[in-house]
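# Descriptive structure summary
Now for the letters of each chain:
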Amino acid sequence: MIELLNVTKQYTNGTMALSNINIKIDKGDFVFLVGPSGAGKSTFIKMLLKEVDPTEGKIIIDDLEATTLSRRKVPQLRRKMGVVFQDFRLLPNKTVYENVAFAMEIIEAHPKEVRRQVPMILSMVGLSGKSNMYPDQLSGGEQQRVSIARAIVNNPAVLIADEPTGNLDPETAWEIMKLLKQINRRGTTIVMATHAKEIVDVMQQRVIALEQGRVVRDDRKGVYGYED
Amino acid sequence: MAMRIRTVSYMIKQGLTSIWRNRMMSIASIGSVASALVILGIVFMLVLNINSLAESAKEQFDSVQVYIKDEVDAAGIEKIGEAIIAVEGIDEIDFLSKDEALENMKSQWGDQGYLLEGLETNPLPNSYVIKMKDVSYADGVVNALKNQDGIEEVKYYKDIVDNLLKITHFIRMVGIGLIVILIGISMFIIANTIKLAVASRYREINIMKYVGATNWFIRWPFLIEGLVLGCIGALIALSVVGYGYKIAVDVVTQKLYVMLSAHMIPSTIAIQNLAVIFIVLGAGIGALGSIFSMRKFLRV
Ligand SMILES: Nc1ncnc2c1ncn2[C@@H]1O[C@H](COP(=O)(O)OP(=O)(O)O)[C@@H](O)[C@H]1O
Ligand SMILES: [Mg+2]
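Residues numbered from 1 in each chain as written. Chains lettered and ligands numbered in written order. Predicted model: local features only at pLDDT ≥ 70, side-chain atom pairs only at ≥ 80, totals over all residues. Heavy atoms only, no water.

## Examining the confidence of the model for chain B
To keep it simple, the criterion reads: Confidence scores labelled pLDDT are given residue by residue by the predictor and lie between 0 and 100. To qualify as a helix, a DSSP run of H or I must reach at least 4 residues; to qualify as a strand, a run of E must reach at least 2; elements of each kind are numbered from the N terminus.
Confidence in the prediction of chain B, expressed as mean pLDDT, is 82, and 90% of residues score 70 or more. Confidence, expressed as mean pLDDT per element, reaches its minimum in chain B at helix 9 (residues 258-262) of chain B with 63 and its maximum at helix 8 (residues 215-254) of chain B with 90.

Below, the structure written as structure tokens:
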């Protein structure tokens, strides 16, 4: 599903963010990307989204080679993935429903399809009753659910999350993890960057540990493995 | 790329919403496009009219007019005619009697021709109109004739035409310079408006990017915004210049500069031409302005 071959990323200022990464992620995997701040987790995720390009190596996602993909085909690549960020990135002047529907509208989905799909996804993330509320009327956990709903509403093959629980208290974080696991069970591949040790340890999923831009560990059923 | 109707209407809605949201900048953009086009229109109309005036003056350019003294009789006029034909470089001569000259003037004055009815005597002279084989003979012809008996005056319009052409050229150059500068300024202001619009929709664009909206889906609303701003500016300029020109034509006609107004371009034709030029330029300025700023600020 996702394959990185000898991937190296050096920023123009000289920072070596990732060096010689080789990783294969299969369809349906749930992968934690762990490591201290500055290890290169966000860079890894940005490369999957083709927000930055590696200086060396190849990234293959599904049938597309991200590294050599033409500008025109980038949207095609991004439609294979849904993204969730630490800061939710909801549109403040749109309701919960509109925020989720927006993701379908901008890929020109049929309005009928939008009206069918959005309530379904909102019910799945447990926000059916709040579809007419605005983001600032919601708790942090609820806002993150909206952003997850938006990320999966177009049925992407992969859900990518960069520190999705970073702004949430532990209890709410767990709710979000349950939701992610549930999404994973439906067959969606999940790549989640985090430095939440307790979560990684309990979830018992594949753990890829980065340190100073290198893969230092890749465990099938791993634990966080650091004391930070 | 077949765009769906709802996509098109979505984009138009986005573009218009953004114009409203940044209305101060929108007004500045519209104002700058409008003022650039107003000046362009004024220069354009000046040049066109001076051109048309120069053009009709040019018809007399290669003709020399020989005015004959009133006391000369028919035989004398005949003799002067023979003398003229004998001069080198003459192609063709035409006799214009004083009565014919008055008739011509009446028809040129059009509606105001009746004013000439009141004249007790015809003040216009008998004359010969000389066509030369080539402009270069003009000076020789004038010199050969000006001291002849019975000739009142020999008129040749070269200087007037030359000066007219010089003025036209000057106005055209200054006009083009001014227009280029003003178009540049309007584009810059539109580019800044769009930059602001892009900035104010930063979050939306960011999300659109991640969800996989195509480049053009993201860009069209901004392009539409630029186009609409440019076209509104063009329409304002069109009404200002069109109306202004209509008044100018009326004033010139009413103030009895009949000869002048006969050579002015009619306002309906002027407005039709201005409409095409303004809309094309307004839309062009708007589109280019937004494309410039999208190139810079909308890396998708
Ligand atoms: N745009 C950038 N330009 C230069 N250096 C960057 C840029 N983004 C990140 N870095 C550097 O690359 C390294 C990895 O950063 P990042 O991928 O954000 O790590 P993480 O998400 O694990 O904290 C850090 O040293 C960071 O300072
Ligand atoms: Mg990070």
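## Considerations on the interface of chain B and chain A
As a reminder, the rule being used: Throughout, a contact is declared for two residues whenever any of their heavy atoms are within 4.5 Å. What gets called buried area is simply the loss in accessible area from a 1.4 Å probe that two parts show on being joined, summed for both. Between Lys or Arg on one side and Asp or Glu on the other, a salt bridge is scored when a side-chain nitrogen of the former is within 4 Å of a carboxyl oxygen of the latter. N or O atoms within 3.5 Å of each other form a polar contact, as long as, within protein, one can give a hydrogen and the other can take it, and as long as residues adjacent in sequence are counted only when both atoms are side-chain atoms. All residues other than Ala, Val, Leu, Ile, Met, Phe, Trp, Tyr, Cys, Pro, Asp, Glu, Lys and Arg, Gly among them, are scored as polar; the first ten of these are nonpolar and the last four charged.
With 17 residues of chain B at the interface, the matching set in chain A holds 24 residues. A buried area of about 1900 Å², summed over both sides, lies between chain B and chain A, and 57% of it is on carbon and sulfur atoms. Summed over the three residues of chain B that lose the most area to chain A, namely Ile 207, Tyr 210 and Val 211 of chain B, the buried surface amounts to 35% of that side. Taken together, chain B and chain A are joined by 0 salt bridges. In this structure, the connection of chain B to chain A is made through 7 residue pairs in polar contact (both at pLDDT 80 or more). Of all the secondary structure elements, the ones that give two or more residues to the side of chain B that touches chain A are helix 1 (5-21) and helix 7 (202-211) of chain B. Among the elements that line the side of chain B that touches chain A, the one with the most residues is helix 7 of chain B, at 8 residues. Residue classes in the side of chain B that touches chain A are distributed as 8 nonpolar, 4 polar and 5 charged.

## Points about unusual backbone geometry
All names here are of chain A. The backbone phi angle of Asn 6 is positive, close to 50°, even though this residue is not glycine. Here Asn 6 lies in strand 1 (residues 2-10). Positive phi values are uncommon outside glycine, yet Phe 88 reaches one of about 65°. Of note, Phe 88 is situated in the loop between strand 6 (81-85) and helix 3 (96-105).

## Describing the pairing of strand 8 (residues 189-194) of chain A
All names here are of chain A. Here is the rule we go by: A 1.4 Å probe rolled over the protein chains alone gives each residue an accessible area, and that area as a share of the maximum for its type sets the label: buried under 20%, exposed over 50%, partly exposed in between. Two strands qualify as a pair provided DSSP detects at least 2 bridges between them.
When you tally the buried positions in strand 8, you get 6 out of 6 residues, the bulk of the element. Here strand 8 shows no split at all, with Thr 189, Val 191 and Ala 193 on one side and Ile 190, Met 192 and Thr 194 on the other all buried. Here strand 3 (residues 30-34) runs beside strand 8; their pairing, made up of 5 bridges, is parallel. The residue bridging Phe 30 from the neighbouring strand is Ile 190, located in strand 8.

## Remarks on the pattern of salt bridges
Residue and element names in this part refer to chain A. For the coordinates displayed, the defined rule picks out 15 salt bridges over all chains. Among the ionic pairs, Asp 218 bridges to Arg 206, the shortest N-O distance being 2.9 Å. On the criterion of sequence distance, the pair formed by Asp 218 in strand 10 (residues 214-219) and Arg 206 in strand 9 (residues 206-211) is long-range, its members being 12 residues apart. By sharing partners, the salt bridges in this structure join Asp 29, Arg 206, Asp 218 and Arg 220 into a single network.

## Regarding the site of ligand 1
Residue and element names in this part refer to chain A. The line we're drawing: Think of it this way: one heavy atom of a residue within 4 Å of a molecule or strand is enough to make that residue near it.
Near ligand 1 you find Tyr 11, Asn 13, Thr 15, Ala 17, Pro 36, Ser 37, Gly 38, Ala 39, Gly 40, Lys 41, Ser 42 and Thr 43, and these make up its full shell. Lys 41 places a polar main-chain atom, nitrogen or oxygen, 2.8 Å from an oxygen atom of ligand 1. Top contributing element to the shell around ligand 1 by residue count: helix 1 (residues 41-48), with 3 residues.

## Details of a nonpolar patch on the surface
All names here are of chain B. Stated formally: Each patch is built from salt-bridge-free residues with over 30% relative accessible area, joining like charges within 9 Å and nonpolar side chains (Val, Leu, Ile, Met, Phe, Trp, Tyr) within 5 Å. The accessible surface values rely on the Shrake-Rupley method and a 1.4 Å probe; as for residues, cover is taken only from the protein chains in view.
Taken together, the side chains of Val 8, Ile 12 and Leu 16 present a nonpolar region at the surface, about 220 Å² in accessible area. Relative to the helices and strands, Leu 16 resides in helix 1. Classification of Leu 16 by relative accessible area gives partly exposed; the value is 42%.

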